[in-house]
Amino acid sequence: MYIFDIDGTLLYTIDAISFHINKTLKAYGLGEVEKDKVRDFVGNGPRVLMNKSLDRVRASKDDNLREEILNAYNLSYDNNPSYLTRPYEGIRESLDELKSRGEKLVCFSNKPHSTAVKVIEDVFGKGYFDFILGYDKSYKRKPSAEGIYIIQEKFAEDFSRILYFGDSEVDIRCGKNASVFTIACSWGFRDRDILEKEKPDLIIDRVDQINSIRRI
């Protein structure tokens, strides 16, 4: 079984996230967050992303206002999550090869579940993946291993046969917490030295390397 993070692993989403963040901030009379900063802020879900963005533009610390802005961002993004979004070059070809081998493909993201489903189905088509799991309040967000446990139980897959691909320290910690083989993808939103410090089982630098990794 191949489990993939979404942002920075399957899809380049920084332009989309930046657009919706800054659209929301502008609606509240706030300044913009630079795209390279948005890149640094993603990975821990929208609440952390928005709080860091609000801190960056020196917004009010008022909890009620921040909650209102977070909800406005989530609504904006959820309404059009595939805008300015694209799969990394070669991703579809690599996934098609895995599917031709009969491998199970799963998406697992800290995005809200509805947003994760929408963006994946918009880009890849409905039913392309065997399962999509975005965050909801029924389980703990990555780096908790609970999401991987949910996926493992759903498919009754042996943990030794699960490969988990992600692009951030959050993903690496999640995979290691679940004791599954964890692959860091250096084409994503974190520099390679950050990935190396987290000591994943493997770091890959090219999309076409996905297909050469197998567990027996």
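The rules behind these values
Residues numbered from 1 in each chain as written. Predicted model: local features only at pLDDT ≥ 70, side-chain atom pairs only at ≥ 80, totals over all residues. Heavy atoms only, no water. Helix = DSSP H or I, 4+ residues; strand = E, 2+ residues; numbered from the N terminus. Buried < 20%, exposed > 50% of the residue type's maximum accessible area, 1.4 Å probe, protein only. Contact = heavy atoms within 4.5 Å. Salt bridge = Lys/Arg side-chain N within 4 Å of Asp/Glu carboxyl O. Core = buried A, V, L, I, M, F, W, Y, C linked by side-chain atoms within 4.5 Å. Axes fitted to C-alpha atoms, helices over the stretch in contact; angles between N-to-C directions. Parallel < 35°, antiparallel > 145°, perpendicular 65-115°, else oblique. Left-handed = near helix turned anticlockwise from the far one by under 90°. Arc of directions from axis to C-beta. Nonpolar A, V, L, I, M, F, W, Y, C, P; charged D, E, K, R; others polar. Pairing = 2+ DSSP bridges.

(A) Quick look at the side chain of Ser-109. Inspection of the secondary structure assignment puts Ser-109 in strand β4 (residues 105–112). Here Ser-109 falls in the buried class, since its relative accessible area comes to 1%. Setting aside chain neighbours within four positions, we find Ser-109 in contact with Asp-5, Ile-6, Ala-116, Leu-133, Gly-134, Tyr-135, Tyr-139 and Lys-142.

(B) Highlighting the pattern of salt bridges. In this structure the tally under the stated criterion is 17 salt bridges. Residue Arg-101 pairs with Glu-97 through a salt bridge whose shortest N-O separation is 3.5 Å. Taking the relative accessible area as the measure of exposure, Arg-101 reaches 26% and is therefore partly exposed. Residue Glu-97 is classed as partly exposed on the basis of its relative accessible area of 39%. Overlapping salt bridges, with partners in common, bring together Asp-5, Lys-142 and Asp-171 in one network.

(C) Main features of unusual backbone geometry. In this model, Lys-142 is joined to Pro-143 through a cis peptide bond whose omega is 20°. Unusually for a residue other than glycine, Leu-84 sits at a positive phi of about 65°. The topology assignment puts Leu-84 in the loop between α4 (63–79) and β3 (86–87). For Leu-84, a relative accessible area of 40% corresponds to the partly exposed category. Phi is positive for Ser-179, close to 60°, though the residue is something other than glycine. Of note, Ser-179 is situated in the loop between α8 (169–177) and β7 (181–185). For Ser-179, a relative accessible area of 61% translates into the label exposed.

(D) View of the nonpolar core. Counting residues in each nonpolar core, the largest one holds 49 residues, and the members touching the most others are Phe-4, Leu-95, Ile-120, Phe-129 and Phe-165. At six residues, helix α6 (residues 113–124) tops the list of elements feeding residues into this core. Ignoring any residue separated from it by four or fewer positions in sequence, one finds Leu-95 in contact with Phe-4, Leu-10, Leu-105, Phe-124, Tyr-128 and Phe-129. Listed in part, the 15 residues of the second largest apolar core include Val-106, Leu-133, Tyr-139 and Ile-151.

(E) Here's a closer look at the packing of helix α1 (residues 14–27) against helix α3 (residues 46–56). Remark: α1 packs on α3, axes separated minimally by 11 Å, with the N-to-C direction vectors making an angle of 55°. With respect to α3, the axis of α1 lies oblique. As for how α1 packs across α3, the hand of that crossing is right-handed. Contact residues: Ile-17, Ile-21, Thr-24 and Leu-25 in α1; Leu-49, Met-50, Ser-53 and Leu-54 in α3.

(F) Structural view of helix α7 (residues 146–155). If you check which residues of α7 are buried, you get Gly-147, Ile-148, Ile-151 and Gln-152. Considered in projection along α7, the buried side chains sweep an arc of 135° and stay on one side of the axis. Seen from the buried face of α7, the exposed residues on the opposite side, beyond 90 degrees, are Glu-153 and Lys-154. Contacts made by the buried residues of α7 are with β1 (2–4), β4, β5 (131–135), β6 (163–166) and α8. In the stretch just after α7, Ala-156 is the one whose phi turns positive, near 50°.

(G) Focus on the packing of α3 against α4. Close contact between α3 and α4 brings their axes to 10 Å; oriented N to C, the two are set at 120°. Here α3 lies oblique to α4, going by the angle between them. Crossing geometry of α3 relative to α4 is assigned as right-handed. On α4, the residues touching Pro-46, Arg-47, Leu-49, Met-50, Asn-51, Leu-54 and Asp-55 of α3 are Arg-66, Glu-67, Ile-69, Leu-70, Tyr-73 and Asn-74. Of the residues assigned to the contact of α3 with α4, the class counts are seven nonpolar, two polar and four charged.

(H) View of the sheet that holds β4. Ordered in space as β5-β4-β1-β6-β7-β8, the six strands form an open sheet in which the pairing is parallel. Edge positions in the sheet fall to β5 and β8 (202–204), since each of these pairs with one other strand and no more. Ignoring which end each strand starts from, the neighbouring axes of this sheet average 25° apart.

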